[in-house]
Amino acid sequence: MEKKPLDRRTFLTYLGTGATALAAATSGLGVLTEKANAQSDSLMRMKPRKKGFKFHPIAPTDKDELVLPRGYKYEVIASYGDVINKKGDTFGFNNDFTMYFPIEDSSEHGLLWVNHEYTNPLYVEGEKKGGKYTAAQIEKMLYNQGGSIIEVQVKNGKWTLNKNSELARRVTGLTPFALTGPAKGNAAVSGATSVQGTFANCSGGRTLWNTVMSCEENYEDTSDAAGLNQTHYGWVIEVDPFDPSFKVRKHTALGRFNHENASMGLAKDGRVVVYMGDDKKDACVYKFVSKGKYVEAKGKENSKLLEEGTLYTADLQKGKWVALTIEAVREKAAGKAELLEKFKTQADVVVNAHDAAILLGATPTDRPEDVEISPLDQTVFIAHTNNDKHGNIHGHITRFFEKDGDHGAEDFDFEIFAAGGRQSGFSAPDNLTFDSNANLWTVTDISSSKLNSDAWTSFGNNGMFMIPTVGPDKGVAFQFASAPKEAELTGPSFTPNERTLFLSVQHPGEETEDKANPTSTWPQVRGGNQPRPSVVAITGFRF
């Protein structure tokens, strides 16, 4: 089914933006700048445009349940192993990022893209035999990662999965992918122009032309286990949920690292900008700025904008975006034979983006995960999950102010918007999203082995929090959800009317060692007591 490309107005609406903010966003900072300059906090002091998102915050808990405030409920939409289409394809394991794509502009019928990050041998491929996996085990491992495209619809007042869908399909570790950009066909990727599959898919984002960007994060274990070339993974992929004929691709110009997500915006001159985080300790924040400019009428042809441009990394001390070019890297590496051998072309730079970033003076940070653009004022929020190497046990959320409010700028300032800890009630912020009241929603990722113990005792299970960015409660976290035991809540995604929130419940019972005695039995579908990663639809939002 062919879907029209998004104009900027519709694009921001899908992110959860009210009409006033849209009017400002479509003209830079527009009317906002009449009352405040781009660096002023008063940009955020606007009256909410909706009366919704009211709830009584819940208390931390260690219950083996998805706990929500009074008046809200959830429905399990898809769980590991569920059939998703007429072909008999099944929903993958450890679902993460979700993105709702309306069918005919409906908030009650659409496609849902869902990432699948990794498998658990206890429930999927089984343990190694003789120290390695069999071909059949590797196939199971690869099939159950990647992404699922599922068709969902409200019927008789309830969200349902269409298991006979002709639109639903899988994109997996077995699917052929084209490479684009500077590394395509280069020795840095062993001359490959196409590669096998995608896996370790963590978070992602939506393009202006209504395709999905999905991000390959911790790809090392799976690529090693499957005997695959590691340079073929760690990229941002692009898929069109509505069009199977759209060649799935990996955009090497956006760099190779442990990608968490990709958030797209526009520079004031029309160039496409993609912000990205590298989820590991002492890693950097990145953005890509296209060479060409976005033209709405070109639709999906705009995908070519992600093939050529400049990859930047953030120097927080200087407030500068540093361009990762082969010329800059080789100048810095002058006299160092090993580095000059490693970096010969721009392909070498994008394949080894982290090393190039550190070499050029980028700031190592504390696991920069989700990066999202505020639909209200276009500032950039970054979840730094934690870094116990430097005593940042509970993490924090940073907010970037691009110079003149321009995503294409090479200068920025920043602040710590919120810090995890007892004082805020949350620890280890991970995925982020916004609603049309400019509330920032975050889910947390305390390691399963540390939940409800030591410095994390007071937080209970992982949760979901709403943090207002306007009004008297700005920066205060209110807990909206608590995950089942040892689970992580991931991939929050609102429908356009914001009456439904899709959410992934990943790895419940992750510490289980004996299937007969699981540490979680959530969500108790299909009988039995096997915990199953699942996507839920949360309803109860009223306006």
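Residues numbered from 1 in each chain as written. Predicted model: local features only at pLDDT ≥ 70, side-chain atom pairs only at ≥ 80, totals over all residues. Heavy atoms only, no water.

So what exactly am I meant to see when it comes to the packing of aromatic side chains here?
Any aromatic ring pair is given by two values, namely how distant the centres are and how the planes are angled relative to each other. All told, the structure shown has 30 aromatic pairs when counted by the stated rule. For the ring pair Phe-480 and Phe-541, a centre distance of 5.8 Å and an interplane angle of 20 degrees mean the geometry is stacked. One end of the pair, Phe-480, is in strand E27 (residues 478-482); the other, Phe-541, is in the segment after strand E30 (534-539), and 61 residues separate them in sequence. Each of the two residues, Phe-480 as well as Phe-541, counts as buried. Here the aromatic cluster, defined as three or more aromatic residues joined through ring pairs, consists of Phe-53, Phe-55, Tyr-72, Trp-441, Phe-480, Phe-494, Phe-541 and Phe-543. (Phe/Tyr/Trp six-rings, centres within 6.5 Å; stacked < 30°, edge-to-face > 60°. Helix = DSSP H or I, 4+ residues; strand = E, 2+ residues; numbered from the N terminus. Buried < 20%, exposed > 50% of the residue type's maximum accessible area, 1.4 Å probe, protein only.)

Quick question: what am I supposed to make of the pairing of strand E28 (residues 488-494) here?
Along a regular strand, successive side chains alternate from one face of the sheet to the other. Counting buried positions along E28 gives seven out of seven residues, so the element sits mostly inside the fold. Note: E28 against strand E29 (residues 500-506), five bridges, orientation antiparallel. Of the residues in E29, the one forming a bridge with Ser-493 is Phe-502. The turn joining E28 and E29, which pair antiparallel and follow one another in sequence, is formed by five residues; a positive phi near 65 degrees is taken by Glu-498. (Pairing = 2+ DSSP bridges.)

Would you mind going over the pattern of salt bridges with me for this structure?
Opposite charge on two side chains permits pairing when their charged atoms draw close. Considering all chains together, one arrives at 21 salt bridges under this definition. For the salt bridge of Glu-216 with Lys-250, the shortest nitrogen-to-oxygen distance reads 2.8 Å. Taken together, the residues Glu-216 in strand E10 (residues 212-216) and Lys-250 in strand E12 (residues 249-251) connect sequence positions 34 residues apart. We classify Lys-250 as buried; its relative accessible area is 0%. Two residues, Glu-415 and Arg-399, come together in a salt bridge whose shortest N-O distance is 3.1 Å. Taken as a pair, Glu-415 in strand E23 (residues 412-419) and Arg-399 in strand E22 (residues 396-402) lie far apart in primary sequence, 16 residues in all. Judged by relative accessible area, Glu-415 falls into the partly exposed class, the value being 26%. (Salt bridge = Lys/Arg side-chain N within 4 Å of Asp/Glu carboxyl O.)

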